[in-house]
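Fold and geometry: a report
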Amino acid sequence: MNQVDLQHLTRLSEMACEANPDAYRRGVKWFSLLGYLWVLLCLLCGVSLLGWMASLLLQGADFKAYMIGGFFLGAGMLTAGVSALWLRLEPPEGEELTPEQAPALFRLLQKIGKKVNGPPIHHVLVDGDFNASIVQIPRWGLIGGTNTNYLVVGLPMLMAIAPERLASVLAHEYGHLREGHGSFSAWIYRSRMAWQRFYENLDDQDSVATLVNRGFIRWYFPRFMAKSFALARQDEYTADRVACQLLKADVVAAALKEIEVKAEWLRAVFWAAHWRGARTLAVPVGPMASMQQALLLQPESAFAHASLKRAWQRASSIEDTHPGLRDRLEALDPEGRADRRPPAWSRQSSLYLLGPSLPHLIQQFDREWCGIHASAWKEFHADMQRWNQRMTQLRAAAVQNLAGDWAELGDLVLRLNPHADVDAVAAYGRALALDSECSEALKGMAQVSAKTSIDQSMA
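From a predicted model like this one, the values you see are computed outputs, not experimental measurements.

**Considerations on the overall build of the protein chain**
The secondary structure content of the protein chain amounts to 16 helices and 4 strands. Dimensions of the protein chain, computed from the C-alpha atoms along their principal axes, are close to 100 × 60 × 45 Å. Counting all 459 residues of the protein chain, 46% fall into the buried class. Across the protein chain, the fraction of contacts at a sequence separation of at least 24, relative to all contacts at a separation of at least 6, is 78%. Accessible surface, the protein chain as shown: approximately 24200 Å² in total, 57% of it carbon and sulfur.

Structure below.
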């Protein structure tokens, strides 16, 4: 199925969900059961073929070449069915917390769980991502059984927003587990994961059984993903409404906007600045300590307005089940009065919820980050040293520089500091003064001009 057809089916599922949610959910359930029926058919065919081969041999039939094919075909189909039904999903990664380590966080989770009448959280994990999520792992894989619930909270998220706004995020995640909501959605989620894994495993095999299964999955899997997409999207809206039942809608909206701005700030500003530290430091430095201070600073007004403007203009995508910011804010206020302006920024973090475990977590994530990026950091440090040395040489020989040298200097200035537009433009200007047709300088000028125009249009 091509991307256009997939998008079309996804949009149709969203329209069906909006027109008649109950009928839509029934349709998703029956289509999901079709996949289970195929897996059971594989099991039945596999057992039947193996049983038939065994009965022939027990009855004293002469061994024939087709028996080898029948044995491998039956074993392959049986294995394919068993691996799909008993697929084990891996639990999420992170540093686990106990109630003794973070009593305030566990009291908050207990309060939220009680209000939404949801199942308990069995494991609370902290990782280094700017995110929060809940994952259900069934005891018997795709078959089901008792679920183990994992809550994963990113340390940067705790650094960035106030406790009340963090509570709205946790309430949203807990909303996915509440009674009458989480079980069916979790089953669909596990089914999506299982078919993906099933297909990936089939690609690594080459037999008649896998060829048959691959043909079915190539037909079934994209259609199942498209049909169930609207359910996953509606679950996000429902989880937002659950958060609004525990806290005010303006708190939920403020949390969504602050997270949007600070997430983009981390990607566009913080990480670039942190990696520029390789200009002087030969070994990597962990980011968490400086991130803790930076995330509580008020974002620049121009950046915040531009970030929210981009988010507001960004349409919800079928690449992600989470709706876009505009759709989520408008769903919180059906009267269409969603406020596009930046929120009042958090004046304190939520790190106190981690209790005495905070220093250990910062050290642990800094150590992990440095270990993962040590090689890339050293290579970048060598590049920065070489660029800096060459820039120094070009500036020292300014009188003798040719147009190409000045254009190279402008490029080096931007490599070492992407925000040094003024110095770069000055270097490109010197190049064009010597040679008005210098292609490197013209290209550099065009890139700086385009970057400036984009920034101004988004401001």
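There's more to say after this.
**Focus: the sheet that holds strand β4 (residues 147–154)**
Read across the open sheet, the 4 strands follow the order β1-β2-β4-β3; overall the sheet is mixed. In the strand order of this sheet, the two ends are held by β1 (95–97) and β3 (132–138), each with one partner. Sheet twist, expressed as the average angle between the axes of neighbouring strands with direction ignored, equals 30°. Here β3 pairs with β4 via 7 bridges, running antiparallel. The residue of β4 that forms the bridge with serine 133 is valine 152.

**Comments concerning the side chain of asparagine 401**
Of note, asparagine 401 is situated in the loop between α13 (358–396) and α14 (403–416). Reaching out from asparagine 401, the side chain makes a polar contact with the backbone oxygen of leucine 394 at a distance of 2.9 Å. What asparagine 401 contacts, discounting residues up to four positions off in sequence, is Leu394, Trp406 and Leu434.

**Observations concerning the state of the cysteines**
According to the stated counting rule, one finds 0 disulfides in the structure shown. The closest cysteine sulfur to the non-disulfide-bonded cysteine 17 is located on cysteine 244, 19 Å from its own sulfur. Free of any disulfide, cysteine 42 has its nearest cysteine sulfur in cysteine 45, 6.9 Å distant.

**A short note on the packing of aromatic side chains**
Applying the stated criterion across every chain, the model contains 15 aromatic pairs. Seen in terms of ring centroids, phenylalanine 216 and tryptophan 219 are 6.2 Å apart; in terms of plane orientation they differ by 40°. Their pairing is tilted. Of the two residues, phenylalanine 216 and tryptophan 219 both sit in helix α8 (residues 208–246), 3 residues apart, roughly one turn of that helix. Of the residues examined, phenylalanine 216 reaches a relative accessible area of 12% and is grouped as buried. Note on tryptophan 265 and phenylalanine 270: the rings are 5.9 Å apart at their centroids and 40° apart in plane angle, and the pair reads as tilted. Accessibility expressed as a relative area gives 19% for tryptophan 265, which makes it buried. By relative accessible area, which is 7% here, phenylalanine 270 ends up buried. Through pairs of rings, three or more aromatic residues link up here, namely Trp265, Phe270, Trp271, Trp275, Trp369, Trp377, Phe380 and Trp387. Seen from the ring of tryptophan 30, lysine 29 lies directly overhead, with NZ or CZ sitting 5.5 Å from the centre.

**Re the pairing of strand β2 (residues 123–127)**
β2 sits mainly inside the fold: 4 of its 5 residues count as buried. As paired elements, β1 and β2 share 3 bridges and run antiparallel to each other. Opposite glutamate 95, over in β2, you have valine 126 as the bridge partner. Note that β2 and β4 share 5 bridges and pair parallel. If you follow aspartate 127 over to β4, its bridge partner there is glycine 154.

**Some details on the pattern of salt bridges**
Tallied over the entire structure, the rule returns 11 salt bridges. The partner of glutamate 260 in a salt bridge is arginine 314, and the shortest N-O contact between them spans 3.3 Å. One end of the pair, glutamate 260, is in helix α9 (residues 249–275); the other, arginine 314, is in the loop between α11 (301–313) and α12 (325–332), with 54 residues separating them in the sequence. For glutamate 260, a relative accessible area of 18% puts it in the buried group.

**Remarks on the nonpolar core**
Counting residues in each nonpolar core, the largest one holds 64 residues, and the members touching the most others are Leu105, Leu155, Leu170 and Leu354. No other element matches α9, which puts 10 residues into this core. With sequence-adjacent residues up to four places away left out, leucine 155 is seen in contact with Val126, Asp127, Asp129, Met288, Leu351, Leu354, Leu358, Leu361, Ile362 and Phe365. Ranked by size, the runner-up nonpolar core spans 22 residues in total, among them Val28, Phe31, Trp38 and Trp195.

**Examining helix α6 (residues 163–175)**
Helix length check: α6, at 13 residues, gives a terminal C-alpha distance of 18 Å against a target of 18 Å (1.5 Å per residue), a fit within 8%. With respect to burial, α6 is a largely interior element, 12 of its 13 residues being buried.

**Observations concerning the packing of α9 against α11**
Relative placement of two packed helices is described by the angle separating their axes and the distance separating the axes. At their nearest, the axes of α9 and α11 sit 9 Å apart, and the two run at 110° to each other. Looking at the two axes, α9 sits roughly perpendicular to α11. Touching Lys257, Glu260, Val261, Glu264, Trp265, Ala268 and Val269 of α9 are Phe303, Ala304, Ser307, Leu308, Arg310 and Ala311, all from α11. Of the residues belonging to the contact of α9 with α11, the class tally is 8 nonpolar, 1 polar and 4 charged.

**Considerations on the side chain of glutamine 364**
With respect to the element layout, glutamine 364 can be found in helix α13. By relative accessible area, which is 16% here, glutamine 364 ends up buried.

**Here we look at the environment of phenylalanine 72**
As for its placement among the helices and strands, phenylalanine 72 is situated in helix α3 (residues 65–85). In this structure phenylalanine 72 comes out as exposed when scored by relative accessible area, which is 56%. Remark: the alpha-carbon pair of phenylalanine 72 and leucine 155, spanning 83 residues in sequence, is separated by 50 Å.

Basis of the calculations
- Residues numbered from 1 in each chain as written.
- Predicted model: local features only at pLDDT ≥ 70, side-chain atom pairs only at ≥ 80, totals over all residues.
- Heavy atoms only, no water.
- Helix = DSSP H or I, 4+ residues; strand = E, 2+ residues; numbered from the N terminus.
- Buried < 20%, exposed > 50% of the residue type's maximum accessible area, 1.4 Å probe, protein only.
- Contact = heavy atoms within 4.5 Å.
- Areas by Shrake-Rupley, 256 points an atom, 1.4 Å probe, with all protein chains shown as cover.
- Pairing = 2+ DSSP bridges.
- Axes fitted to C-alpha atoms, helices over the stretch in contact; angles between N-to-C directions.
- Polar contact = N/O pair within 3.5 Å; in protein donor to acceptor, adjacent residues only side chain to side chain.
- Disulfide = S-S within 2.5 Å.
- Phe/Tyr/Trp six-rings, centres within 6.5 Å; stacked < 30°, edge-to-face > 60°.
- Lys NZ or Arg CZ within 6 Å of the ring centre and 35° of its normal.
- Salt bridge = Lys/Arg side-chain N within 4 Å of Asp/Glu carboxyl O.
- Core = buried A, V, L, I, M, F, W, Y, C linked by side-chain atoms within 4.5 Å.
- Expected span 1.5 Å × (residues − 1).
- Parallel < 35°, antiparallel > 145°, perpendicular 65-115°, else oblique.
- Nonpolar A, V, L, I, M, F, W, Y, C, P; charged D, E, K, R; others polar.

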